[in-house]
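Take a look at the letters that make up each chain.
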Amino acid sequence: MTAQDLLLKFDPESPGAVYLFCPGKGARAKMPTFEPMLAERCADRIIGGTVDPTMKDFAFAAFYADETAAGQIVMDAQTLPFLAARRVILVRHAEKYLTDSAAGAMLEYLAAPNESTVLIFIAHKMDKRTKFYKACDKLGAVVECPALTAAEIDMWILAETKTRGRTIDREAIRALVDRAGTHLSDVDNALTNIINFVGDARTALTADDVNTACADVAEEEIWALTDAVAASEPGQ
């Protein structure tokens, strides 16, 4: 399953017991890639559809796998929900569980997950040979979040702009990608800046708006990489 599949098909009435959001291969890609914002959007969809906002303090918890022992998270996952049908637990940096020693208690939990808990993992790296991945895959829990293709990014911008009550033409989309790059978090921040710049004056976003409101993030990344390479070379 991909992130796009989940966003289209997720049923809040019958969520899975476990979800693992991790890298995957996009169309014609040779290597797995990861788009963190897709994983976060999917997690938000699951949480928003499963947890009553008024009960979030009782029915939701978030952890970082590299900061909290697996055993402690498992104890929380085994706890029955209070005044709610389900409890949702979000675990970021789940690549920590790629080693069996770190995954320990979590592997035991995945062998028989609590039906009243929805456990969400977000991992920026993944190895399909590990026990952790295999345990999640056995549950049908793996959701791949590869970086979007150029065409998919254009469609994402169109959909996101529409969600915010605006329109954007093809020239403006190209200018936005040229300026912000292809990381969705950068594109999203740039889109917010453009909308704030335009304000309530109109709903249509143009290439001129993009060029005026957005810093050239893509160019800044190139210079940052160049500086990093130079700094790593002796004598530079």
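Keep in mind the model is a prediction, meaning the values are calculated, not measured.

S.K.: Looking at this structure, how should I read the overall build of the chain?
M.R.: Within the chain, the secondary structure is distributed over eleven helices and seven strands. On the principal axes, the C-alpha backbone points of the chain span a range of 55 × 55 × 30 Å. Within the chain, the proportion of its 236 residues that are buried is 41%. Long-range contacts, defined as pairs at least 24 residues apart, comprise 77% of the intrachain contacts of the chain with a sequence gap of at least 6. Once the 24 positive and 35 negative side-chain charges of the chain are each reduced to a mean point, those two points are 6 Å apart.

S.K.: Before we go on, may I ask you to explain helix α7 (residues 150-163) in this structure?
M.R.: The terminal C-alpha atoms of α7 lie 20 Å apart, and with 14 residues this matches the ideal 20 Å at 1.5 Å per residue to within 8%. Residues Ile153, Asp154, Trp156, Ile157, Glu160 and Thr161 constitute the buried set of α7. When α7 is viewed along its axis, its buried side chains cluster within an angular range of 160° and face the same direction. Residues Ala151, Met155, Lys162 and Thr163 are exposed on α7 and point more than 90 degrees away from its buried face. Residue Gly165 follows α7 closely and has a positive phi angle near 75°.

S.K.: Sorry, what's going on with the packing of aromatic side chains here?
M.R.: In this structure the tally under the stated criterion is five aromatic pairs. Taken together, a centroid distance of 6.0 Å and an interplanar angle of 85° make the contact between Tyr97 and Phe121 edge-to-face. Taken together, the residues Tyr97 in the loop between β3 (87-92) and α5 (100-111) and Phe121 in strand β4 (residues 117-122) connect sequence positions 24 residues apart. Each of the two residues, Tyr97 as well as Phe121, counts as buried. Ring pairs connect the aromatic residues Tyr97, Phe121 and Phe132, which therefore count as one cluster. If you follow Lys56 out to its NZ or CZ, it ends over the ring of Phe60, 5.1 Å from the centre.

S.K.: What should I look at first to understand the confidence of the model for the chain in this one?
M.R.: For residues with low pLDDT, the predicted coordinates do not support detailed interpretation. Considering every residue of the chain, the mean pLDDT works out to 89; 91% of them sit at 70 or more. Confidence drops under pLDDT 50 across residues 219-225; counting only partners more than four residues distant or on other chains, this segment forms three contacts.

S.K.: Can you walk me through the side chain of Asp154 in this structure?
M.R.: Of note, Asp154 is situated in helix α7. Among the polar contacts listed, one links the side chain of Asp154 to the side chain of Arg174, at a separation of 2.9 Å. Beyond its immediate sequence surroundings of up to four residues, Asp154 is in contact with Arg170, Ile173, Arg174 and Val177.

S.K.: Any chance you could explain the side chain of Asp188 here in plain terms?
M.R.: Structurally, the position occupied by Asp188 is in helix α9 (residues 184-198). The buried category is assigned to Asp188, whose relative accessible area is 13%.

S.K.: Mind showing me how you'd approach the sheet that holds β3 here?
M.R.: Strands pair in a sheet through their backbones, by hydrogen bonds, and they do so in one of two ways: parallel or antiparallel. Taken together, five strands build an open sheet; the order of strands is β2-β3-β4-β1-β5 and the sheet is parallel. Two strands bound the open sheet, and with one partner strand each, they are β2 (60-64) and β5 (142-144). Ignoring strand direction, the axes of neighbouring strands in this sheet form an average angle of 15°. Two strands pair when backbone bridges link them, and β3 and β4 are joined in this way by six bridges, in the parallel orientation. From the neighbouring strand, Ile89 faces β4, where its bridge partner is Leu119. Where helix α4 (residues 70-78) meets the sheet, it contacts β2, β3 and β4, and its direction lies at approximately 160° from that of β3. Packed onto the sheet, α5 meets β1 (18-22) and β4 and runs at close to 135° relative to β4.

Conventions we followed
- Residues numbered from 1 in each chain as written.
- Predicted model: local features only at pLDDT ≥ 70, side-chain atom pairs only at ≥ 80, totals over all residues.
- Heavy atoms only, no water.
- Helix = DSSP H or I, 4+ residues; strand = E, 2+ residues; numbered from the N terminus.
- Buried < 20%, exposed > 50% of the residue type's maximum accessible area, 1.4 Å probe, protein only.
- Contact = heavy atoms within 4.5 Å.
- Lys, Arg positive; Asp, Glu negative; His and termini not counted.
- Charge placed at Lys NZ, Arg CZ, Asp CG, Glu CD.
- Expected span 1.5 Å × (residues − 1).
- Arc of directions from axis to C-beta.
- Phe/Tyr/Trp six-rings, centres within 6.5 Å; stacked < 30°, edge-to-face > 60°.
- Lys NZ or Arg CZ within 6 Å of the ring centre and 35° of its normal.
- pLDDT = per-residue confidence, 0-100.
- Polar contact = N/O pair within 3.5 Å; in protein donor to acceptor, adjacent residues only side chain to side chain.
- Pairing = 2+ DSSP bridges.
- Axes fitted to C-alpha atoms, helices over the stretch in contact; angles between N-to-C directions.

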